[in-house]
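Chain by chain, the residues run as shown.
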Amino acid sequence: MKTKALESWERDMLRCIRCAYCFVDCPILTELGWESAGARSKVILSYGLKEDEIECNQLIKDRLFQCCLCAQCEINCPAKVEVGGVVRAARKDLVEAGHYFEAHRVMREMVKKTGNVYGEEKKDFHYPKVGAEFALFVGCVGKHREEESLKKTVALLKKLGVSLTSIDEVCCGGVFGDVGFQASPEDAEHIKEEVKKAKVKKLLTTCPMCYRTFKEDPRFEGLGVEVLHITELLEKLDLPVKTNRKITYHDPCDLGRHSDLYDVPRNVIRKFAPDFQEMSKNRENAHCCGAGGGVRGSFTRLSIDMAKKRLQEAIDTGAEVLLTECASCLHNLKNARKRKQKIQIYNISEYLSLLMDGEVG
Amino acid sequence: MLEELRAVVGDENVSDDAADRYVYGSDASMHQSSPSVVVRPVSAGEVQKILRFANGRKIPVVPRGAGTGESGSAVPIDGGIVLDLKRMDRILEVRPEDMFCRVEPGVVNDELNRQLKPYGFFFPPTPASGKVCTIGGMIANNASGMRAMKYGATRDAVLGLKVVLANGDLVTMGSATIIQASGYQLERLMVGSEGTLGVIVEATLRVRPLPEERTVGRAVFYELTQAGDAISKIVATGIVPSALELMDEVAIKSVNKALGAGLPEVEALILFECDGVKASFHHEIKKIKRILEECGAFDIVISDDPQEMEKLWEVRSSVFPATSMYKENRIRATLAEDVTAPVSRLRELVEGIHQIARDNDLLIGTYGHAGEGLIHTAFLVDPRLPDEWDRTRKAVDEVFALVRHLGGTTSGEHGIGISKAPYFKKERQDLLELMRGVKKVFDPNNILNPHKLMDAPEDFFTATKLRYPIKERR
């Protein structure tokens, strides 16, 4: 198998001293138990492929795709090995050699056809407004899987007087780099063109993955506007509501470990919820909900099992409400909840909207 | 073979897949050799059945914890079965009134300490890999860590063991008492046996009361030799700090680069810790400070802030992997990585290692549990250059010759495995036949981790495939 992408990661793979400090809190290893599922082993397997010491088979492919790219391993690694970079490169080479997951290929096809990863009819949130300050970008999961939550978020922004317009969205493509496919340059151009047409100075994202993609993906160079996550906006606004309920917060990996936004969402929550309780694993050590890295699409049960563990950690705080600000995390955590579990799960912005409408306490 | 093993542990706990065979063929050493199959038992009964089967077929069996060993002890040099014992991770009993706990081998060191804390106790061995390494592996390699100076190594904490022998018999060694004089101390023989005599399936470990208070200090030196002298002098006064660590410039710069540790970038740094009741160790801290100053230390910082202490020890425990960050295109090769000398010879040991580095035009860092006479030798090599490996091998020979000359020992806390075996054999040459005799009594068919310790190949470099891209040297 040709390993063109992995070639440039040789230095990281050699720098890995194999100390296994990355085993600590690796959510996939915790679920599966086999060492081959852990972060160190993904580096070892990638190196084995690059050196032609092993041939790709089903388990090697599974192991390399059983990674949420949550980056907990990179936090733990004193040698600063970019495990996520190695895994992405390995996936790229695997896909190049035809070892892809059908769910991921179909997602790519769906985006080509419909502009979203689900292949569903386009749902536009039309707020055409000339001279708006922000263009809103909501992302595939919010629009197609957490629509009710998203509507509340949008309603909140209106209630708070945020000057908003919408654009003709297509998938930002962030997920494709994670699962070994190439994200579409044409889609990126389309988004850039739409932002330009909207004549705004700021692009407001509700999805941390889209946020990160706009900030980091070279396809979005020249976007020409400031990119903000919704929590960054909410931090600056007056929030005219309070709740006495006990609240806890789940750090989305794309917002926390990947974007270093730990304090911002907490500052927002503290504005309206003085009874805030951290989970035992929080900030840079927050356990992943299991939705990321393409795992939910290709290993759904594994993904939900991780979400169940994370949800239990939230319940263990004694909180009545679990907040996050990521449609993917929200969706996965809600799917993991059993009927008897009373904890309520919302995005921060959704919960604020409900609070303002008096629909929650 | 697979059918029999699956019948014991279930389909989901047996794998002969290339992915697992490749991954379980390595640890934190430079060696790579794949097993035929990986099995994950969950009970002593399952281990017994697996060993009975393997012994009958004369199939090698290599027990494995977290695979954090740096000498290749868990690398299955002859293939066979790797026994992944991490599922056996129950803490069976904590009895503070009897000062012991009973645990399974897959319990992680730091997790044990988390569970002991509410009782007001702790398990003293403190390997830097404590967050991931398992008790079974610690016993098999006689791990120690920075607090061994005061509290001893793992061997000093092992009161009793349950061990599955090669023929599948389950035996109990030692006792659940803090002293015993009932004949041969076979539980001690198991400590450091690296899986060659039996499979440890349960350990009764002595625990100690958590000290009421701890204070840490940091002292900076312009010269490494001054720090070496200071260590020897502190120990010679009879003071027993709970930790006395040395870091040289390579170690300091590595953690600064990797973690932004912000340590002063000088030739050497000493970290020390005293614990107990402050009123009693306050005097010791004063004495240590005076000796450090006499030896040329400056910028001595002392703190009893728990967060400061935690940060400092976190930095220290990160040195091993962080050294791979020291210089572009150089990686840390685990060789001669826990050499140990009498503490009075520490300066000569450290000076000698750096002289060897200069003589061979190599980059070698030194740090470690200096109060125990242990130095971690960090060889930083460009693994792609064959010539660099030639000089490295020569330097490794010289480091071990120096250690023998100083009256030291090949391994202080990581074990022998494959990469230290040639030097261990030189050090213990008058005991090799006796050790082989012991091995034969325990394991007549030589199935348990064969070709390790006294039976390991003569040249560590060609003993297995290496994990580095130096194909032309194989």
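Residues numbered from 1 in each chain as written. Chains lettered and ligands numbered in written order. Predicted model: local features only at pLDDT ≥ 70, side-chain atom pairs only at ≥ 80, totals over all residues. Heavy atoms only, no water.

K.L.:
Whenever I open this one, empty space enclosed by the protein confuses me. Can you help?
P.N.:
A probe as big as a water molecule, rolled over the atoms, marks out the empty space that is left. Tallied over the full model, the rule gives six cavities of 30 Å³ or more. Put simply, the largest cavity is a space of about 680 Å³. Around the largest cavity, the lining is made up of 45 residues, and of these B:Thr68, B:Gly69, B:Gly137, B:Met138 and B:Asn141 lie nearest the centre. Every element with two or more residues in the lining of the largest cavity is listed here: β4 (61-64), α5 (135-141), β11 (199-206), α11 (306-317) and α12 (319-322) of chain B. Here the lining of the largest cavity takes five residues from α5(B), the largest share from any one element. For the lining of the largest cavity, the residue count by class is 19 nonpolar, 20 polar and six charged. Shared between two domains, the lining of the largest cavity holds at least three residues of each, these being domain 1 (91-209) and domain 2 (213-405) of chain B. In this structure, the second largest cavity occupies an estimated 110 Å³ of space. Residue lining of the second largest cavity: 16 residues in total, with A:Cys16, A:Cys19, A:Cys22, A:Cys77 and A:Val81 positioned closest to the centre. A class-by-class count of the residues in the lining of the second largest cavity yields 14 nonpolar, no polar and two charged. (1 Å grid on protein atoms, 1.4 Å probe; cavity = no way out; pocket = protein on both sides within 12 Å on 5 of 7 lines; lining within 4 Å. Points joined across faces, edges and corners; volume = space filled by probe spheres on them. Helix = DSSP H or I, 4+ residues; strand = E, 2+ residues; numbered from the N terminus. Nonpolar A, V, L, I, M, F, W, Y, C, P; charged D, E, K, R; others polar. Domains from an automatic or database assignment.)

K.L.:
How should the nonpolar core be read in this particular structure?
P.N.:
Most often, soluble globular proteins keep nonpolar side chains buried together rather than apart. In terms of nonpolar packing, the biggest core is built from 151 residues, with A:Phe176, B:Phe221, B:Met247, B:Ile270, B:Leu292 and B:Phe379 touching the most fellow members. Dropping the residues within four chain positions of it, B:Phe379 is found in contact with B:Ile331, B:Arg332, B:Ala333, B:Leu335, B:Ala336, B:Leu362, B:Leu363, B:Ile364, B:Thr392, B:Ala395, B:Val396 and B:Val399. (Core = buried A, V, L, I, M, F, W, Y, C linked by side-chain atoms within 4.5 Å. Buried < 20%, exposed > 50% of the residue type's maximum accessible area, 1.4 Å probe, protein only. Contact = heavy atoms within 4.5 Å.)

K.L.:
Even after reading the chapter, I still don't get the domain arrangement of chain B, so can you show me in this structure?
P.N.:
Think of interface size as the accessible area that goes away when the parts come together; that is how it is often given. Residue and element names in this part refer to chain B. Each domain of chain B was delimited in the assignment, giving domain 1 (91-209) and domain 2 (213-405). Just the C-alpha atoms count here: the centres of domain 1 and domain 2 sit 27 Å apart. Each side of the interface is counted separately: domain 1 has eleven residues, and domain 2 has 17 residues. Across the interface of domain 1 and domain 2, roughly 1,200 Å² is buried in total on both sides, 53% from carbon and sulfur atoms. Three residues, Met146, Arg147 and Met149, lead the burial of domain 1 against domain 2; their summed loss comes to 57% of the area buried on that side. Between domain 1 and domain 2 we count three salt bridges in total. Here the element with the most residues in the side of domain 1 that touches domain 2 is helix α6 (residues 148-151); it accounts for four residues. For the side of domain 1 that touches domain 2, the class distribution of residues is six nonpolar, two polar and three charged. (Buried area = accessible area lost by both parts, 1.4 Å probe. Salt bridge = Lys/Arg side-chain N within 4 Å of Asp/Glu carboxyl O.)

K.L.:
What is the right way to read the sheet that holds strand β7 (residues 100-103) of chain B from this model?
P.N.:
As a general point, the strands of a sheet are linked pairwise by backbone hydrogen bonds and lie either parallel or antiparallel. Residue and element names in this part refer to chain B. The five strands are arranged β6-β7-β11-β9-β10 in an open sheet whose pairing can be described as antiparallel. Both outer strands of the open sheet, β6 (91-95) and β10 (170-174), are each paired with one neighbouring strand and no more. The average angle at which neighbouring strand axes cross in this sheet is 15 degrees, direction not considered. Bridging between β7 and β11 involves four bridges; their strand directions are antiparallel. (Pairing = 2+ DSSP bridges. Axes fitted to C-alpha atoms, helices over the stretch in contact; angles between N-to-C directions.)

K.L.:
Which parts of the structure should I look at to understand the packing of helix α4 (residues 39-50) of chain A against helix α7 (residues 83-96) of chain A?
P.N.:
Relative orientation and spacing of two packed helices are given, respectively, by the angle between their axes and the distance between those axes. Residue and element names in this part refer to chain A. Running from amino to carboxyl end, α4 crosses α7 at an angle of 45 degrees, the nearest separation of the two axes being 10 Å. Here α4 lies oblique to α7, going by the angle between them. Read as a crossing pair, α4 and α7 show a hand that is left-handed. When α4 is examined against α7, the residues Ala39, Lys42, Val43, Ser46 and Leu49 are found in contact with a partner set consisting of Val83, Val86, Val87, Ala90 and Leu94. Looking at side-chain class alone, the contact of α4 with α7 contains eight nonpolar, one polar and one charged residues. (Parallel < 35°, antiparallel > 145°, perpendicular 65-115°, else oblique. Left-handed = near helix turned anticlockwise from the far one by under 90°.)

K.L.:
Sorry if this is basic, but what is going on with the domain arrangement of chain A here?
P.N.:
Residues and elements named next belong to chain A. Examined at the domain level, chain A breaks down into domain 1 (4-96), domain 2 (134-234) and domain 3 (247-356). Just the C-alpha atoms count here: the centres of domain 2 and domain 3 sit 21 Å apart. Contacts between the two partners involve 24 residues from domain 2, matched on the other side by 28 residues from domain 3. With both chains or domains summed, domain 2 and domain 3 bury close to 2,100 Å², and 65% of this area falls on carbon and sulfur atoms. Linking domain 2 with domain 3 are two salt bridges.

K.L.:
Can you walk me through the environment of A:Ser166 in this structure?
P.N.:
Tracing the backbone shows A:Ser166 in strand β2 (residues 164-166). The spacing of A:Ser166 and A:Ala188 is 22 residues in sequence and 16 Å in space, taken between C-alpha atoms.

K.L.:
Got a minute to help me understand the packing of aromatic side chains in this structure?
P.N.:
Given two aromatic rings, their pairing is described by the distance between the two centres and the angle made by the two planes. Applying the stated rule across the entire model yields 15 aromatic pairs over all chains. With 5.0 Å between their ring centres and 65 degrees between their planes, A:Phe65 and A:Phe101 make a pair best called edge-to-face. You can see A:Phe65 sitting in helix α5 (residues 58-65) and its partner A:Phe101 sitting in the loop between α7 and α8 (102-114), a full 36 residues away along the chain. Residue A:Phe101 is classed as buried on the basis of its relative accessible area of 12%. Seen from their ring centres, B:Phe400 and B:Tyr423 are 4.2 Å apart, and the 15 degrees between their planes marks the pair as stacked. Separated by 23 residues along the polypeptide, B:Phe400 in helix α14 (residues 386-405) and B:Tyr423 in helix α15 (residues 421-427) bring together distant segments of the chain. (Phe/Tyr/Trp six-rings, centres within 6.5 Å; stacked < 30°, edge-to-face > 60°.)

K.L.:
Which parts of the structure should I look at to understand unusual backbone geometry?
P.N.:
Across the chain, the bulk of peptide bonds are trans and the bulk of non-glycine residues have phi less than zero. Residues and elements named next belong to chain A. Positive phi outside glycine occurs at Arg18, with the angle close to 65 degrees. Turning to its location among the elements, Arg18 is positioned in the loop between α2 (10-15) and α3 (27-32). Accessibility expressed as a relative area gives 3% for Arg18, which makes it buried. Notably, Leu69 is not glycine yet its phi reads approximately 55 degrees, a positive angle. Relative to the assigned elements, Leu69 resides in the loop between α5 and α6 (72-76).

K.L.:
Got a minute to help me understand the pattern of salt bridges in this structure?
P.N.:
Note that side chains of opposite charge can pair when their charged atoms are close. All names here are of chain A. Scanning all chains against the criterion turns up 74 salt bridges over all chains. The shortest N-O distance in the salt bridge between Glu133 and Lys202 comes to 3.2 Å. Separated by 69 residues along the polypeptide, Glu133 in the loop between α8 and β1 (134-137) and Lys202 in strand β3 (residues 202-205) bring together distant segments of the chain. Note on Lys202: relative accessible area 21%, which makes it partly exposed.

K.L.:
Please explain the sheet that holds strand β5 (residues 247-249) of chain A as it appears in this structure.
P.N.:
Residue and element names in this part refer to chain A. Ordered by their spatial adjacency, three strands build an open sheet running β5-β6-β7, and the pairing between neighbours is parallel. The sheet is open, and its two edges are formed by β5 and β7 (344-347), each paired on a single side. Ignoring which end each strand starts from, the neighbouring axes of this sheet average 30 degrees apart. Examined bridge by bridge, strand β6 (residues 321-324) and β7 share four bridges and lie parallel to one another. Its bridge partner lying in β7, Leu322 is registered against Ile345. Set on the sheet, helix α18 (residues 327-336) makes contact with β6 and β7; between it and β7 the angle comes to about 165 degrees.

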